[in-house]
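# Fold and geometry: a report
Residues per chain, in single letters:
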Amino acid sequence: ARQIMAKLGVRKINDLIGRVDLLKQSEFSLHKGLDLRPLLVPAHHLNPQAGTICSQEQDHALEDVLDRDLISACQPALRDLKPWRQFFKIKNTDRSVGAMLSHEVSKLYGEDGLPEDTININFLGHAGQSFGAFLAHGVVLNLEGDSNDYVGKGLSGGIISVRPPRDSSFQSHENIIVGNV
């Protein structure tokens, strides 16, 4: 990447942001007759006040996400590698549940993760996007409910199960409980 950037006269990745002048349309046969020039206009040409990089601070409230509770609660398993089981309620605004926990696992134990079934978490409710994303080996997430898109994206050895609520009135084989695209 650095060699390509040097050829373009760019030193940092951030210097590439918004540089549509460095893009050119492919000569690929499927693109014949397609003119992308109207899309390749610098944002500031359309709006002089348009920002292209970090134009406003954002607070994603990462200190308040469900994964922080998971990490805190399963410290004995992370520390002593002893099997650990727990129940949590989940809601559809809880996104990427398991990703930060898996990051902690990978920091401690690398890509091998934990021994099989070390951390086993049962959830009840409606999981948000990317439930179980990048889930590390040795972590099991069981969801009774449903989940939004991208369940298990980047799965890294963990196990995810999703089943309808016990009290559901619908036929499970006729309904979708995991939205993946």
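It should be noted that the structure appears before, not after, this text.
Residues numbered from 1 in each chain as written. Predicted model: local features only at pLDDT ≥ 70, side-chain atom pairs only at ≥ 80, totals over all residues. Heavy atoms only, no water.

## A look at the pattern of salt bridges
Under the defined criterion, the tally for this structure stands at eight salt bridges. Here Arg19 makes a salt bridge to Asp21, at a shortest N to O gap of 2.8 Å. Given the relative accessible area of 33%, Arg19 is considered partly exposed. A relative accessible area of 52% places Asp21 in the exposed class. (Salt bridge = Lys/Arg side-chain N within 4 Å of Asp/Glu carboxyl O. Buried < 20%, exposed > 50% of the residue type's maximum accessible area, 1.4 Å probe, protein only.)

## Some thoughts on the sheet that holds strand β3 (residues 139–147)
Read from one edge of the open sheet, four strands run β1-β2-β3-β4, paired in parallel fashion. Bordering the open sheet on either side are β1 (84–90) and β4 (159–163), each of which pairs with just one other strand. Across the sheet, the mean angle separating the axes of adjacent strands is 15° when strand polarity is ignored. The strands that helix α3 (residues 66–73) touches are β1 and β2 (119–127); relative to β1, the one it contacts most, it runs at about 160°. (Pairing = 2+ DSSP bridges. Helix = DSSP H or I, 4+ residues; strand = E, 2+ residues; numbered from the N terminus. Axes fitted to C-alpha atoms, helices over the stretch in contact; angles between N-to-C directions. Contact = heavy atoms within 4.5 Å.)

## Observations concerning the packing of aromatic side chains
Think of a pair of aromatic rings as described by two things: how far the centres are apart, and how the planes are tilted against each other in angle. On inspection of all chains with the given rule, the structure shows two aromatic pairs. Between Phe88 and Phe123, the ring centres sit 6.3 Å apart and the planes meet at 35°, which makes this aromatic pair tilted. One end of the pair, Phe88, is in strand β1; the other, Phe123, is in strand β2, and 35 residues separate them in sequence. Comparing Phe88 with Phe123 shows no difference in burial state: the two are buried. Ring centres of Phe123 and Phe131 lie 5.5 Å apart, and the angle between their planes is 85°; this geometry places the pair in the edge-to-face category. For Phe131, a relative accessible area of 0% corresponds to the buried category. Aromatic rings pair up to connect Phe88, Phe123 and Phe131 into one cluster. Between Lys153 and the ring centre of Tyr150, over which it is positioned, the NZ or CZ distance is 5.5 Å. (Phe/Tyr/Trp six-rings, centres within 6.5 Å; stacked < 30°, edge-to-face > 60°. Lys NZ or Arg CZ within 6 Å of the ring centre and 35° of its normal.)

## Section: the side chain of Thr118
Here Thr118 lies in the loop between α5 (99–109) and β2. Accessibility expressed as a relative area gives 3% for Thr118, which makes it buried. Side-chain polar atoms of Thr118 contact the backbone oxygen of Pro115, separated by 2.5 Å. Beyond its immediate sequence surroundings of up to four residues, Thr118 is in contact with Ala77, Leu81, Lys82, Pro83, Trp84, Arg85 and Gly138. (Polar contact = N/O pair within 3.5 Å; in protein donor to acceptor, adjacent residues only side chain to side chain.)

## A closer look at the environment of Ser26
As for its placement among the helices and strands, Ser26 is situated in the loop between α1 (2–8) and α2 (43–46). On the accessibility criterion, Ser26 (40% relative accessible area) is partly exposed. For the pair Ser26 and Val162, spaced 136 residues apart in the sequence, the C-alpha separation amounts to 42 Å.

## Brief notes about α5
The set of residues buried in α5 consists of Ala99, Leu101, Ser102 and Val105. The arc that holds the buried residues of α5, viewed along the axis, is 155°, so those residues lie on one side. Considering only its buried residues, α5 is in contact with α3, α4 (75–80), β2 and β3. In the stretch just after α5, Gly110 is the one whose phi turns positive, near 70°. (Arc of directions from axis to C-beta.)

## Notes on the pairing of β1
Where β1 lies against β2, seven bridges are found, and the strand directions are parallel. Its bridge partner being in β2, Trp84 is matched across the sheet by Ile119. Crossover connection from β1 via α5 to parallel β2: handedness right-handed. (Right-handed = clockwise from strand over helix to strand, strands pointing away.)

## Concerning the side chain of Ser130
On the secondary structure map, Ser130 appears in the loop between β2 and β3. By relative accessible area, Ser130 is classed as buried at 4%. For Ser130, the residues in contact, after removing those within four places along its chain, are Ser96, Val97, Asp149, Tyr150 and Lys153.

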